[in-house]
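Now for the letters of each chain:
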Amino acid sequence: MHHSIRDIDYYKPTSIDEALQITHQFCTDPQQKDVKFLAGGTDLIPNIKDGNVRPGVIVEITDIGELRGITQENDQILIKAGTPFDEIVDSPILQKTAPVLVNACGQIGGVQIRNRATIGGNLVNASPSGDSIPPLFVLKSRLHIASLSDGKRVDKIVPIEEFFIGAGKTILRGGELLTAVSFPVPDPQSKGFFMKLGQRRAMTISKVSIALLAKISDSQIDWIRIALGAVAPTVIRARNTESFLSGKNVDDSDTIQQAMEIIKSEVSPIDDIRSYAWYRREMCAVLLKRGLLSVKSG
Amino acid sequence: MKELDIVGKSIDRPDARAKVSGRALYCDDLPSVSGLLYAGIIKSPVPAGRIKGIHIEDALSVDGVVDIVLAHHIPGKNLVPLIFDDWIVLADKEVRYAGEPIGVVVAEHPRALDIALNKVKVDIEPLPALLSPFDAMKPDARKINPRGNIFNHHKIRRGDVESGFAEADIVVEGEYQTGYQEHAYLEPLSLMAKPTPDQGMQVWGGMQCPFYVQSAVATVLGIALNKVEVIQTTTGGAFGGKEDVPSRFAGIVALAAWRSGRAVRLTFSREEDIVSTSKRHPSFSRYRIGARRDGRLVACTAEVIMDAGAYATLSPSVSWRATVHCCGPYRIPNVRVDVYAVATNKVPAGAFRGFGTPQVIFAMERVMDELANQLKMDPLELRRRNILRRGDTTVTGQRLPWSVGLGRTLQECAKKSNWKKRRKAAEQSTGTKKRGIGCATFLYGVGLGAAGRKIDRAEASVQVEGDGSVRFSVGTTEMGQGMESVLTQIVAEALGGISPGLVTMTEVSTSRVQDSGPTVASRATYMSGNALRIACSQILNRMRAVAGERLHIPASRVVVTGGRFKAGTEEIDFREIACECFERHVPLSARALYDSPPTSWDAETGQGKAYVVYSYATHIAEVEVDTETGIVSVLRFWAAHDVGKAVNPQLVEGQIEGGVVQGIGYALMESLLTANDGHILNPDFETYIIPTSKDIPEIYPIIVESPYPEGPFGAKGFGETPLMGCGAAIANAVSNAIGRPITRLPILPEDILALFKICSAPNR
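If you're wondering where the values come from, they're calculated on a predicted model, not measured in any experiment. (Residues numbered from 1 in each chain as written. Chains lettered and ligands numbered in written order. Predicted model: local features only at pLDDT ≥ 70, side-chain atom pairs only at ≥ 80, totals over all residues.)

**Notes on the sheet that holds strand β7 (residues 150–158) of chain B**
Residues and elements named next belong to chain B. The strand order β7-β15-β14-β13-β8-β27 describes an open sheet built from 6 strands, whose pairing is mixed. Strand pairing shows two members of the sheet lacking a second neighbour, β7 and β27 (744–745), which therefore form its edges. In terms of strand pairing, strand β8 (residues 170–178) meets strand β13 (residues 283–291) through 9 bridges, oriented antiparallel. Bridge pairing in β13 places Val172 opposite Ile289. On top of the sheet, helix α9 (residues 315–325) reaches β7, β14 (297–307) and β15 (334–342); it is set at about 20° to β7, its chief contact. (Pairing = 2+ DSSP bridges. Helix = DSSP H or I, 4+ residues; strand = E, 2+ residues; numbered from the N terminus. Contact = placed C-beta atoms within 7 Å. Axes fitted to C-alpha atoms, helices over the stretch in contact; angles between N-to-C directions.)

Rendered as structure tokens:
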């Protein structure tokens, strides 16, 4: 049954502090109304419509200027949580430093979705198929979280791999706001790769996805980071495959074959409406092979 | 033949500007009527069960709820008149599919609907659901439908198949399956009803067949047809999905309006629309085909089972059309066809562009390709040797005296696609990306044919105003397909080549236009077009007489062209003659009925003149299959269509492109899933996958004109055909690419991979 918009209190703050104060007030309210932040709304609104979430309060954060933008300071890249994907795709900073992220974000939804949907929303929604998440994993991203404690703003930073605790679940608690994601500029000699398989070529949720970042010198893999989407309750790192591959020769077909077997053993996909577990598992290996071929060809 | 002024030109669509600028009013956009109420459907939660009680007290007490209407409130009959008359408006004793309407909540605002619908308690004793037609066909199966579970068994018995196969050098067999297809029109179902002071009812909505809706509303309310006015609002796509379905829901909305005495509107969400409305029939078929070594077909047998859902609705017609089209556009002397439409505890399947033919074309064209493989013959060559040509006889024993452009579509398609070269290149493709190219040749019986004989006629009227502008009326509808443009051009041409800008179509209302029969079966161009042409010629003859007097020559010698009446160098504008006729009290309106030429059908042998004429087409698809991921990319698509005469070539091309897009969805992605409890699992566009612009290759439309002498300016219907061959051509291309036979639509990547791997995909 549809949840009417009339049942929801609505706020539109213009600063992070104001947003935190509003949410804090409801989190301490004995009636404990469920507060949801609204950015692009491309996940939240369908979820409300389908009755999956029934927020008592919506705090729209699209007017908060300090939640939008992409900056580079020394070797640190900072993407504010309210930055929509089209800005990420068009960002000269990211095109130069993190093409793997640009590539992935350019495949999210369609043009209209990318105009509205934000990177913070993709993270907070915590879908295992969120396409911006695997590249952020391999970029060793950290998430910036703000909240109020005793009336004062507190900011904390957590590694992305500690942020997700299950499908649709994060460590965020009531009153906490994701404000930004940051990562160090990867080694300029490293190379990234992203590929997703969906049910069609646009406007599609990943059946399986891979992001890969590796440094290869003279066919030898110095280091490699691999993240997989939609094959476990959260996006995961393929750590066994990574450690198997590091130091190995990427031109060795036996090595690739073995890595393809290892990666299949590290995932726990399910059958659902989009695909089958067996297919997703097989595809992890295929996407890994394509990724390795892509990064070695420089 | 006289040179044409307007027909054959790509004029702008008269309806385009209002639609792209947002001025067009769809039913849900209609300005609010005073006292408007909103309707919400109480749906069955289970696919099969006996209704023990319906508890509405709590729901009635919800603030804003005005009424809850159930089957026993129906003043007329609880029936939607359609073929077998088995379709009820509201379930009373038994529910037969999940989502079946049981009642309707009527409220002052939509918000109250949701709350009240949650409070209606329907007490149902569940019955074991029969979700597969094979279960429903078992002799001891529970009867889903009082008529029995086999709605139809249509047959063709031609020649002697046993001796035919004995004559064959090669015999090939195959079993094929196709899934549901959802219409996915842009505008979900929306209907509004308003009682009139004289105990009548007005109904508005997006629909294909206003006169069907009129009949349903009159039946449900128990009032005369002339008390019901149905007005077709701008319709945002239909594809067959708004042929029969609006009748049932209009009956419900009208019933609600009747009881409350107020206007009531029902607008479906996408999810409600998908669970509540018709789909393309899933099919299961077994084919056997025999040929001589030179490829000449000698025998064909086909058994087809169509999953019809809980009510017969249009299935008798759909399965009949499937029967006629079962063996493709070929000369085959010995044929046995058995097509069954079978009841299941699912939403009734119904009309969908192609009407039962894409399923059998897929099966027939797949088995033809398997035959070509066995014969080591080019598949296009195999078809070239067997296709129907002028003077040939179809498998139903119908001789084709004219307008058989199939050979030309094949030839043009082969040439434009560079078939031989690409076929060779496909054979040589190596690595993990395999190229393939495949074809399909097929026909389509235009109009309702022998099965719809009783209603296959069209009335139309034309009125020339005193200023020379023209208004015409038909009861067929514009639903996005371009009928308004085409009929405007036919009227403009038939009145002597006047500017189409002078011509306007009357809004379709059952009180203001004539019944031209349903807007289905690709029949509007040639049926309504013919009726209009007759009406126009009556008016033009009177105008010609007046012009003759002015030009001082006999009327018969007046030449009318380019919107002018001419005698030698002297000429008078159409508008001037119109004005003169008006002043001289010469009648400037005419009404005409076009009756479809005779058809015939023998139910025991399946022999007869099934349709008045056929449209023909050849499709060629080039694909690339990623053998590691199973993903199929359609690279190019050629579609050559014999349309008789392209009244508006741009619209023909648009129809081809749109149909191919819909066909690519049918072939490669559209998969509607039913859970074990009978519910549709993916009733939205996030999970029911239709193609986007990125999934579509370059499409090459090829127009072939083999005039139909009976049609308006040689035209015959073709709107459905562009979708029909896509599943077959793509499946043949994929089979060619991977060297393994495709037997099921849609072809999902998982299925392709399963063909390569030992592990098999669980049943969808």
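Back to the write-up after that little detour.
**A look at the sheet that holds strand β6 (residues 142–149) of chain A**
All names here are of chain A. Read across the open sheet, the 5 strands follow the order β4-β5-β10-β6-β7; overall the sheet is antiparallel. Of all the strands in the sheet, the pair left with one neighbour each is β4 (70–73) and β7 (152–159). On average, each strand axis in the sheet is tilted by 25° relative to the strand beside it, whichever way the strands run. Pairing geometry for β6 and strand β10 (residues 177–184), over 5 bridges, is antiparallel. Bridge pairing links Ile145 to Leu178 in β10. The strands that helix α1 (residues 16–28) touches are β6, β7 and β10; relative to β6, the one it contacts most, it runs at about 60°.

**Details of unusual backbone geometry**
Residue B:Pro746 is reached from B:Leu745 by a cis peptide bond, and omega for that bond is -5°. The residue B:Pro746 is located in the loop between β27 and α20 (749–756) in this model. Phi is positive for A:Asp150, which is not a glycine, with a value near 50°. Positionally, A:Asp150 belongs in the loop between β6 and β7.

**Remarks on the domain arrangement of chain B**
Residue and element names in this part refer to chain B. Taken domain by domain, chain B holds domain 1 (37–127 + 184–276), domain 2 (283–449 + 601–756) and domain 3 (457–595). The interface of domain 2 with domain 3 comprises 19 residues on the first partner and 17 residues on the second. Split into classes, the residues belonging to the side of domain 2 that touches domain 3 amount to 11 nonpolar, 6 polar and 2 charged. (Domains from an automatic or database assignment. Nonpolar A, V, L, I, M, F, W, Y, C, P; charged D, E, K, R; others polar.)

**Considering helix α11 (residues 379–386) of chain B**
Taken together, the buried positions of α11(B) are B:Pro379, B:Leu380, B:Leu382 and B:Arg383. Seen along its axis, α11(B) keeps its buried residues to an arc of 155°; they face one direction. (Buried ≥ 20, exposed ≤ 12 C-beta atoms within 10 Å, placed from the backbone. Arc of directions from axis to C-beta.)

**Details of the domain arrangement of chain A**
With domains assigned, chain A is organised as domain 1 (5–60), domain 2 (65–184) and domain 3 (191–296). With centres defined by C-alpha atoms, the gap from domain 1 of chain A to domain 3 of chain A works out at 37 Å.

**Topic: the pairing of strand β18 (residues 470–474) of chain B**
Residues and elements named next belong to chain B. Among the 5 residues in β18, 4 count as buried, and that is most of the element. Pairing between strand β17 (residues 457–464) and β18: 5 bridges, direction antiparallel. Looking at the pairing, Gln463 lines up with Arg471 of β18. In this structure, the hairpin formed by β17 and β18 is closed by a connection of 5 residues, where Gly468 is found at a positive phi of approximately 90°. In terms of strand pairing, β18 meets strand β19 (residues 503–505) through 3 bridges, oriented parallel. Note that in β19 the partner of Arg471 across the bridge is Thr504. Regarding the hand of the β-α-β motif, the stretch spanning β18, helix α14 (residues 483–494) and β19 is right-handed. (Right-handed = clockwise from strand over helix to strand, strands pointing away.)

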